[in-house]
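# Observations on the model geometry
Residues per chain, in single letters:
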Amino acid sequence: MVEPKYISDAELLSQWDYMKKVSAISADFQSIQGRPPSAYTKTFGCQQNENDTERINGMLEEMGYVFTDRPENADFILFNTCAVRDHAEQKVYGTVGSLASVKRARPDTVIALCGCMVQQPSAAEEIRRKYRHVNLLFGPHALYRFPENLYRVLIEKTRIFDNAPSDGNLTEGLPVKREDKTRAWVSIMSGCNNFCTYCIVPHVRGRERSRLPEQILKEVASLIKQGYKEITLLGQNVNSYCNDLDIGYDFSDLLKEIDAMEGDFTIRFMTSHPKDASEKLIDTIANSRHISRHIHLPFQSGSNRILKLMNRKYTREDYLNLISMAKERIKGVVFTSDVIVGFPTETEEDFQDTMSLIREVEFDGLFTFIYSPRTGTPAATMEGQITDEIKHDRYNRLSALQAELSTLSNQKLVGQVVSVLVTGQNDKDPSLCDGRTDTNKLVHFPGNYPQGTQVSVRIDRALHWGMYGTLADK
Ligand code: SF4
């Protein structure tokens, strides 16, 4: 067995000590201001970032903070940042820039940035030089040191930048504050060893490191006991779970153990890498009681030449074989995926390979991305960068094809009764309830039901992004 990269118990205890120290500062604040200090936190990017923010919110609550949804009223403001595309980064710079006025109005406000974007030395330096109203900056590897860093900012009135490069670590036992009482994220591992040539993740989240199975099983069992209906296992590449621990245990074994647990719940997982998706995984899903029949399996491109340049380590044929094996063995299986258009040197022929793969698989949905050069990744300096005009033309053609396919897939359910997990009231039309099917399709129907209720809905109308229906027993 290879030792998992957990921080030491002593280090964890010292962070709990810092939480007590900050909590004492919060109590003093309350006795002076007549109210507890308030915090505003916002997440950019993926589910793993959402889960990280849940841990930061758990620590803030432990340190005596209450939460506000208005940054201008907060004593502590944090943005958990994303580095996957330039657009996400520009949004953060814009948002942080707009906070300079808040700081001028209330100089004691603590403004913090964390996450993948600020783990990059170039971005951290930009913040250090140009955004002097930012007090605290820390990368994903320093998340567990948040109490200590916040304490130092509050006491020393100094700026803390904690983003030293690291291969990463693991932490168990930090408080977690989950907003959603029906659906929960559970990170099973962090980091990535794949180094796809367009991707910044391995450079900011470090090497793959898996949590011990017993820690995950304990967390999942507790969530099921609390009544969670949907548990999503998270990792950059969940299919390589436990490869780093070398204990003769893999992702399918973890799924089997969770599937054996009693209760009314659904297991989902993301993200899978096709090169590590095994026959064992497909059979585990096919023979399971609780694992969703929806698989998110990013293919990125349908061209073998581009897949090679992306360093994806599988071919179009490998991918299609996997899909047909899953369709053969898993009843009612549906797929969603990620695809990139405009990767350097992509020709119209390569793009047509992508379009033909999409037609062949008939995805339920696609997350379509326009290639965005990331500083520090090999693809960013490749010859043959594609013009924005061509990128957007391909993006539009691909999105139109997928909208057609998604509509066809949803139309197959018109007139049928499907089981729907209520996720809440519709933002735009409060007379409507929103929910998801087992295969993660969005359904709207008239009614007002508590989050987490499972209802039967007859589908009346299908569109490409979702469906409308009526409660079946009415
Ligand atoms: S598998 Fe590739 S795309 Fe996914 S996080 Fe790892 S390097 Fe990035």
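For the structure, see preceding data.
Keep in mind that what you see is a predicted model, and the values were worked out from it rather than measured.

All right, on to the environment of Val455 then. When you line up the elements, Val455 lands in strand β18 (residues 454–462). Look at Val455 and you get buried, because its relative accessible area is 9%. On a C-alpha basis, the gap between Val455 and Arg397 in space is 37 Å, while along the polypeptide they are 58 residues apart. The residues contacting Val455, other than those within four sequence positions of it, are Val418, Ser419, Val420, Val422, Phe445 and Leu471.

Running from N to C, helix α14 (residues 348–361) and helix α15 (residues 388–411) point in directions that differ by 10°, and their axes come no closer than 10 Å. As the angle between them shows, α14 and α15 are arranged roughly parallel. Our pair here, α14 against α15, has a crossing hand that is right-handed. Note on element contacts: α15 touches α14 through Arg394, Arg397, Leu398, Leu401, Gln402 and Leu405, opposite Glu348, Phe351, Gln352, Thr354, Met355, Ile358 and Arg359. Tallied by class, residues from the contact of α14 with α15 come to six nonpolar, three polar and four charged.

This paragraph deals with the sheet that holds strand β12 (residues 294–296). Across the sheet, which stays open at both edges, the three strands sit in the order β12-β13-β14 with parallel pairing between neighbours. The strands lining the two open edges of the sheet, one partner per strand, are β12 and β14 (365–370). Within the sheet, the average angular offset between the axes of one strand and its neighbour, ignoring direction, is 15°. Of the strand pairs in this sheet, strand β13 (residues 334–341) and β14 are connected by six bridges, and their pairing is parallel. The residue of β14 that forms the bridge with Ser337 is Leu366.

For the rest of this paragraph, the subject is the pairing of strand β1 (residues 38–43). Within β1, five of the six residues are buried, which leaves it mostly tucked inside the rest of the structure. Relative to strand β2 (residues 66–67), β1 runs parallel, the two sharing two bridges. The residue of β2 that forms the bridge with Ser38 is Val66. In the classification by handedness, the crossover that spans β1, the intervening helix α2 (residues 47–62) and the parallel β2 is right-handed. Relative to strand β3 (residues 76–81), β1 runs parallel, the two sharing five bridges. Bridged to Thr41 within β3 is Leu78.

As a further point, take the site of the ligand. Close contacts around the ligand come from Cys192, Asn194, Phe195, Cys196, Tyr198, Cys199, Val201, Pro202, Gln236, His273 and Arg312, and that covers them all. Taken together, the residues that form the shell around the ligand break down as seven nonpolar, three polar and one charged.

Before going further, it helps to examine the side chain of Arg211. Among the structural elements, Arg211 can be located in the loop between β9 (209–210) and α9 (213–225). At 2.8 Å, the side chain of Arg211 and the backbone oxygen of Ser187 are in polar contact.

The next thing to look at is empty space enclosed by the protein. Tallied over the entire structure, the rule returns one cavity of 30 Å³ or more. Looking at the largest cavity, its volume works out to about 90 Å³. Of all the secondary structure elements, the ones that give two or more residues to the lining of the largest cavity are α11 (279–286) and α13 (316–329). The biggest single contributor to the lining of the largest cavity is α13, with three residues. Among the residues making up the lining of the largest cavity, the classes are represented as 10 nonpolar, two polar and no charged. Here the lining of the largest cavity spans two domains, and each of domain 2 (182–292) and domain 3 (298–411) adds at least three residues to it.

The rules behind each value
Residues numbered from 1 in each chain as written. Predicted model: local features only at pLDDT ≥ 70, side-chain atom pairs only at ≥ 80, totals over all residues. Heavy atoms only, no water. Helix = DSSP H or I, 4+ residues; strand = E, 2+ residues; numbered from the N terminus. Buried < 20%, exposed > 50% of the residue type's maximum accessible area, 1.4 Å probe, protein only. Contact = heavy atoms within 4.5 Å. Axes fitted to C-alpha atoms, helices over the stretch in contact; angles between N-to-C directions. Parallel < 35°, antiparallel > 145°, perpendicular 65-115°, else oblique. Left-handed = near helix turned anticlockwise from the far one by under 90°. Nonpolar A, V, L, I, M, F, W, Y, C, P; charged D, E, K, R; others polar. Pairing = 2+ DSSP bridges. Right-handed = clockwise from strand over helix to strand, strands pointing away. Near = heavy atom within 4 Å. Polar contact = N/O pair within 3.5 Å; in protein donor to acceptor, adjacent residues only side chain to side chain. 1 Å grid on protein atoms, 1.4 Å probe; cavity = no way out; pocket = protein on both sides within 12 Å on 5 of 7 lines; lining within 4 Å. Points joined across faces, edges and corners; volume = space filled by probe spheres on them. Domains from an automatic or database assignment.

Any functional reading would require information that these geometric values do not contain.
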